[in-house]
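# Inside the fold
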Amino acid sequence: MNDGGAKSELLLQVTEINGRGRSLVAAQPLRGGQVILRESPLLLYSAFPFLSSPPPPYCDHCFRLLSQSSQRCQSCSLVSFCSPNCTSSHTPWLCESLRRLHQSSSAAFADQSPERQVQARFLLSAYNLAAASPSDFQILLSLQGNGDSTSDSGFLHSLLSAVCPPLPVPISPELTAALLAKDKVNGFGLMEPFSVTNEKRSVRAYGIYPKTSFMNHDCLPNACRFDYVDSGGSDGNTDIIIRMIHDVPQGREVCLSYFPVNMNYSGRQERLLEDYGFRCECDRCKVEASWSEDENEDMEEMDGEDDEEEEEMEEGEGCGDGVDDDDSSFPHAYFFARYMCEKENCFGTLAPLPPKGLDASRLLECNVCGSVKEDEVGGNA
């Protein structure tokens, strides 16, 4: 991990919050645009099923788009790399496991869902990590998520135990189930490149980022994540970078939104319950729970027009922005007008560029499409 991890220890503090578990709070006042965490993945694996056709167009290590000079693994012929420097994670055990699993796929995977095939990729990466770095594997096991044995975990454990070469470490069905649970609630997706014509972007890879996984969800967050997977350079392109959306005081919890903030109430609750196992009770959800279905649908279509409530909003009252319990009108318009990208099919969140010295940046960057615009609303509260 780069020095962003050490720096984050000065800015963020892990705290137990009643009903929310381990959380990250500001250890000092934080400014809009401030980079509070930069973290490399503990492990990273392809989001494409084994039976993908055509094969994924990404390097299996750094997940940049492959070029004409890319190199295919000569042993398993199942993964490609953009340069020889990216082959280090493709160990002989992992290579042979992929080859054997693919050979058995006609019988074992033919009727299996793409999701289950991707779960198998994660387990191979986790087993490989256990052999390559036992200390990192213990970090993975320490993350939130307790798994019960299910048909999925039982099937995958039996399959991998039977097909793969001897596993690097002793793996039980219970441990396999626990690993799958860690991945389910701690994995972050690295998305395919943005395109205005592609409304439904897919995930190209999943990664486990231990410190970032401590960040809880809020439907009006005060921080957002950036990644620069397709950037130049040889290292760090799969790092996650967390920047503040606006100022928060010391002691305030720092939260991300786990999905685009324009989703309506019912969609958010369904997604959180299905993917993460909880219902959200943030300030925004408390208000929207009383809204009609039409009102929630209208909220998704808000175009960022100015609203008289914008000037009344006081930022930083919660993970997102505070609201009185008896307030029936929540200032979504302010957040959407200032912090939501207007580009077609983007749905990204804007955050100021990192401040230089004492001066806050007037430029806002989208964490999805990368566009930059001038902040027309005003400075931070």
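Every chain is numbered independently, its residues counted from 1 as its sequence is written. Restriction of local features to residues with pLDDT of at least 70 applies here, the model being predicted, together with a cutoff of 80 or more for giving and counting side-chain atom pairs; totals for whole chains, interfaces and linings are based on all residues. In computing side-chain properties, one takes all heavy atoms of the structure into account and sets aside hydrogens as well as water.

Under the annotation held in an unreviewed UniProt entry, the protein carries the name SET domain-containing protein and is attributed to Brassica rapa subsp. trilocularis.

### Observations concerning the overall build of the protein
Labels follow the DSSP assignment, with helices taken as runs of H or I lasting at least four residues and strands as runs of E lasting at least two, numbered in each case from the N terminus. A tally of helices and strands in the protein yields 11 helices and 13 strands. Accessibility here uses a 1.4 Å probe with only protein chains present; expressed as a share of the type maximum, an area under 20% marks a residue as buried, one over 50% as exposed, and anything in between as partly exposed. Within the protein, buried positions represent 49% of all 381 residues. When checking whether two residues touch, look at their non-hydrogen atoms; a contact exists if any pair is within 4.5 Å. For the protein, long-range pairs separated by at least 24 residues make up 67% of all intrachain contacts whose partners lie at least 6 apart in sequence. Accessible surface, the protein: about 18,300 Å² in total, of which carbon and sulfur atoms supply 47%. For every accessible area listed, the method is Shrake-Rupley and the probe measures 1.4 Å; residues are considered covered only by the protein chains on display.

### Notes on unusual backbone geometry
Apart from glycine, the bulk of residues carry a negative phi angle, and the bulk of peptide bonds sit in the trans form. Phi angles above zero are rare outside glycine, and Phe-63 is one such case at about 65 degrees. Its location among the elements puts Phe-63 in the loop between β4 (43-46) and β5 (71-72). We classify Phe-63 as buried; its relative accessible area is 2%.

### Focus on the sheet that holds strand β8 (residues 203-208)
Should DSSP find at least two bridges between two strands, the strands are taken to pair. With antiparallel pairing, 3 strands are arranged side by side in an open sheet as β4-β8-β7. Strands with a single pairing partner mark the edges of an open sheet, and in this sheet they are β4 and β7 (187-191). Neighbour-to-neighbour, the strand axes of this sheet turn through a mean angle of 25 degrees, independent of strand direction. Where β7 lies against β8, 5 bridges are found, and the strand directions are antiparallel. In the strand pairing of β8, Gly-187 is matched with Ile-208. Contacting β4 and β8, helix α4 (residues 114-132) runs over the sheet at an angle of about 150 degrees to β4. Structural elements are reduced to axes, namely lines fitted to C-alpha atoms, with helices fitted over the stretch in contact, and the angle between N-to-C directions of any two is expressed from 0 to 180 degrees.

### Brief notes about the pattern of salt bridges
A pairing counts as a salt bridge when a side-chain nitrogen of Lys or Arg comes within 4 Å of a carboxyl oxygen of Asp or Glu. This structure, assessed with the given rule, holds 12 salt bridges. Of the charged contacts in the structure, one is a salt bridge between Arg-243 and Glu-365, with a shortest N-O distance of 3.0 Å. With a gap of 122 residues between them, Arg-243 in strand β10 (residues 240-244) and Glu-365 in strand β12 (residues 363-366) connect regions that are remote in the sequence. By the burial criterion, Arg-243 is buried, and Glu-365 matches it. Each of Glu-96, Arg-99 and Arg-100 takes part in one network of salt bridges that share partners.

### Regarding the packing of aromatic side chains
What counts as a ring pair is set by centres within 6.5 Å for rings of Phe, Tyr and Trp (its six-membered ring), and what kind of pair is set by the plane angle: stacked under 30 degrees, edge-to-face over 60, tilted for all other angles. All told, the structure shown has 8 aromatic pairs when counted by the stated rule. Their ring planes at 55 degrees and their centres at 5.5 Å tell us that Tyr-45 and Phe-122 sit as a pair that is tilted. Here Tyr-45 is found in strand β4, whereas its partner Phe-122 is found in helix α4, with 77 residues between them in sequence. A relative accessible area of 0% places Phe-122 in the buried class. A centroid spacing of 6.0 Å and a plane angle of 45 degrees characterise the contact between Phe-48 and Tyr-58, whose relative ring orientation is tilted. Of this pair, Phe-48 sits in the loop between β4 and β5 while Tyr-58 is found in the loop between β4 and β5, placing the two residues 10 residues apart along the sequence. Classification of Phe-48 by relative accessible area gives buried; the value is 16%. Residue Tyr-58 is classed as buried on the basis of its relative accessible area of 7%. What links up through ring pairs into an aromatic cluster is the set Tyr-45, Phe-122 and Tyr-206. Throughout this description, the term charge over a ring refers to an Arg CZ or Lys NZ atom that lies within 6 Å of the ring centre and within 35 degrees of the ring normal. Its guanidinium or amino end placed over the ring of Phe-226, Arg-243 lies 4.1 Å from that ring's centre, counting from NZ or CZ.

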